[in-house]
Amino acid sequence: GAVVSQHPSWVICKSGTSVKIECRSLDFQATTMFWYRQFPKQSLMLMATSNEGSKATYEQGVEKDKFLINHASLTLSTLTVTSAHPEDSSFYICSARVTGTETQYFGPGTRLLVL
Amino acid sequence: AQSVTQLGSHVSVSEGALVLLRCNYSSSVPPYLFWYVQYPNQGLQLLLKYTSAATLVKGINGFEAEFKKSETSFHLTKPSAHMSDAAEYFCAVSEKGNNRLAFGKGNQVVVIP
């Protein structure tokens, strides 16, 4: 139980294009999902908190117009990196919180490479 | 705001020896504490969690951790290291009513045959 999937697992794109990453909770409902970014050999940095049916809450320093988050259902949140640039290349990981608990379950991550 | 300190980015342990990863937290209210493991190019897998029940928590793969309020610690241990334990380990803290997880910098565990 408590499985979270992400799609795609890998994406390579040209600079200036937009990339959408999906995060799904497969066997539970998640009113809250989180998006993290991880640089090589570093810890996870929280980018934003995604709440179903409402606007996401972004961490300080994260551009909300660049990293668009949509949480349209209790099992799906999407992160769109708009006009991607090479500095956006990173490992993006989502997590979903089981409603009514404090536990987050993590997806397998999406590696983005912007050329 | 809550925070976590993990010292020593790389930890080497011999196969069969004790694994000990230290985690100290800072929180203004009673915390929830977690240990996650990350294998290369993968997401995080929950090893165990403390959510105000028993202070000694047993997790998967033979790991356990003990919550010590007086020491603000939540150290992770495993009696006998296995080669498959080689991975990155993250300690994390959250507070009741605050969904956000704060992660430590992680420990890269290397198991020496």
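Preceding this section is the structure that the text describes.
Here's a quick rundown of the structure. Everything numeric in this text was worked out from a predicted model, so none of it was measured.

**What to know about the overall build of chain B**
- When helices and strands are tallied, chain B shows zero helices and twelve strands.
- Mapped from its N terminus to its C terminus, chain B presents α and β elements in the order β-β-β-β-β-β-β-β-β-β-β-β.
- Computed over its C-alpha atoms, the radius of gyration of chain B comes to 13 Å, within 12% of the 13 Å expected for a compact globule of 113 residues.
- With respect to the principal axes defined by its C-alpha atoms, chain B has extents near 45 × 30 × 20 Å.
- Looking at chain B as a whole, 44% of its 113 residues qualify as buried.
- Nonlocal contacts in chain B, meaning residues at least 24 apart in sequence, comprise 56% of its contacts between residues at least 6 apart.

**Structural notes on the environment of Arg111 of chain A**
- Locating Arg111 of chain A in the fold gives a position in strand β11 (residues 110-114).
- Judged by its relative accessible area of 23%, Arg111 of chain A falls in the partly exposed class.
- Each C-alpha atom, one on Arg111 of chain A and one on Leu26 of chain A, is 21 Å from the other, the two residues being 85 residues apart in sequence.
- When residues no more than four places from it in sequence are discounted, the contact partners of Arg111 of chain A are Ser9, Trp10, Val11, Ser90 and Phe91 of chain A together with Asn41 of chain B.
- Within polar-contact distance, the side chain of Arg111 of chain A engages the side chain of Asn41 of chain B at 3.1 Å.

**Brief notes about the packing of aromatic side chains**
- On inspection of all chains with the given rule, the structure shows 13 aromatic pairs over all chains.
- Among the aromatic side chains, those forming a connected cluster through ring pairs are Tyr36 and Phe106 of chain A together with Phe34, Tyr36, Phe90 and Phe103 of chain B.

**A short note on the pattern of salt bridges**
Residue and element names in this part refer to chain B.
- According to the stated counting rule, one finds five salt bridges over all chains in the structure shown.
- Lys58 is the salt-bridge partner of Glu64, the closest N and O atoms lying 2.8 Å from each other.
- For Glu64, a relative accessible area of 24% gives the class partly exposed.
- With a shortest N-O distance of 2.9 Å, Asp85 and Lys78 are connected by a salt bridge.
- Judged by its relative accessible area of 10%, Lys78 falls in the buried class.

**Focus: a nonpolar patch on the surface**
Residues and elements named next belong to chain A.
- A cluster of nonpolar side chains, contributed by Trp10, Ile12, Leu113 and Leu115, occupies part of the molecular surface with about 450 Å² of accessible area.
- Of note, Leu113 is situated in strand β11.
- In this structure Leu113 comes out as partly exposed when scored by relative accessible area, which is 35%.

**Considerations on the sheet that holds strand β8 (residues 76-81) of chain A**
Residue and element names in this part refer to chain A.
- Pairing is antiparallel in the open sheet, where four strands are placed in the order β1-β3-β8-β7. With one partner strand each, in any of the chains shown, β1 (4-7) and β7 (67-73) form the two edges of the open sheet. Recorded for the sheet is a direction-independent mean angle of 15° between the axes of neighbouring strands.
- Relative to β8, β7 runs antiparallel, the two being bridged by five bridges. Across the sheet, Asn70 pairs through a bridge with Thr78, a residue of β8.

**As for the state of the cysteines**
Residues and elements named next belong to chain A.
- Applying the stated criterion across every chain yields a total of two disulfides over all chains.
- Disulfide partner of Cys23: Cys94, at an S-S distance of 2.0 Å. Its S-S torsion of approximately 80° makes the covalent link between Cys23 and Cys94 right-handed. Of this pair, Cys23 sits in strand β3 (residues 19-25) while Cys94 sits in strand β9 (residues 90-97), and the two are 71 residues apart along the sequence. Residues Cys23 and Cys94 agree in their burial class; the two are buried.
- No disulfide involves Cys13; its sulfur sits 18 Å from the nearest other cysteine sulfur, which is in Cys94.

**Topic: the interface of chain A and chain B**
- At the junction of the two partners, chain A supplies 21 residues and chain B supplies 22 residues.
- Taken together, the two surfaces of chain A and chain B that pack against each other cover about 1600 Å², and 51% of this comes from carbon and sulfur.
- The interface formed by chain A and chain B contains one salt bridge.
- Across the pair Glu59 of chain A and Arg100 of chain B runs a salt bridge, and its minimum N-O distance is 2.5 Å.
- Inspection of the region where chain A meets chain B yields seven residue pairs in polar contact (both at pLDDT 80 or more).
- Elements represented by at least two residues in the side of chain A that touches chain B include exactly β4 (32-38), β5 (44-51), β9 and β10 (104-106) of chain A.
- If one sorts the elements of the side of chain A that touches chain B by residue count, β4 of chain A sits on top with four residues.

Parameters at a glance
- Residues numbered from 1 in each chain as written.
- Chains lettered and ligands numbered in written order.
- Predicted model: local features only at pLDDT ≥ 70, side-chain atom pairs only at ≥ 80, totals over all residues.
- Heavy atoms only, no water.
- Helix = DSSP H or I, 4+ residues; strand = E, 2+ residues; numbered from the N terminus.
- Rg over C-alpha atoms; globule rule 2.2 N^0.38 Å.
- Buried < 20%, exposed > 50% of the residue type's maximum accessible area, 1.4 Å probe, protein only.
- Contact = heavy atoms within 4.5 Å.
- Polar contact = N/O pair within 3.5 Å; in protein donor to acceptor, adjacent residues only side chain to side chain.
- Phe/Tyr/Trp six-rings, centres within 6.5 Å; stacked < 30°, edge-to-face > 60°.
- Salt bridge = Lys/Arg side-chain N within 4 Å of Asp/Glu carboxyl O.
- Patch = residues over 30% accessible without salt bridge, like charges linked within 9 Å, V, L, I, M, F, W, Y side chains within 5 Å.
- Areas by Shrake-Rupley, 256 points an atom, 1.4 Å probe, with all protein chains shown as cover.
- Pairing = 2+ DSSP bridges.
- Axes fitted to C-alpha atoms, helices over the stretch in contact; angles between N-to-C directions.
- Disulfide = S-S within 2.5 Å.
- Buried area = accessible area lost by both parts, 1.4 Å probe.

Geometry only, nothing functional implied.
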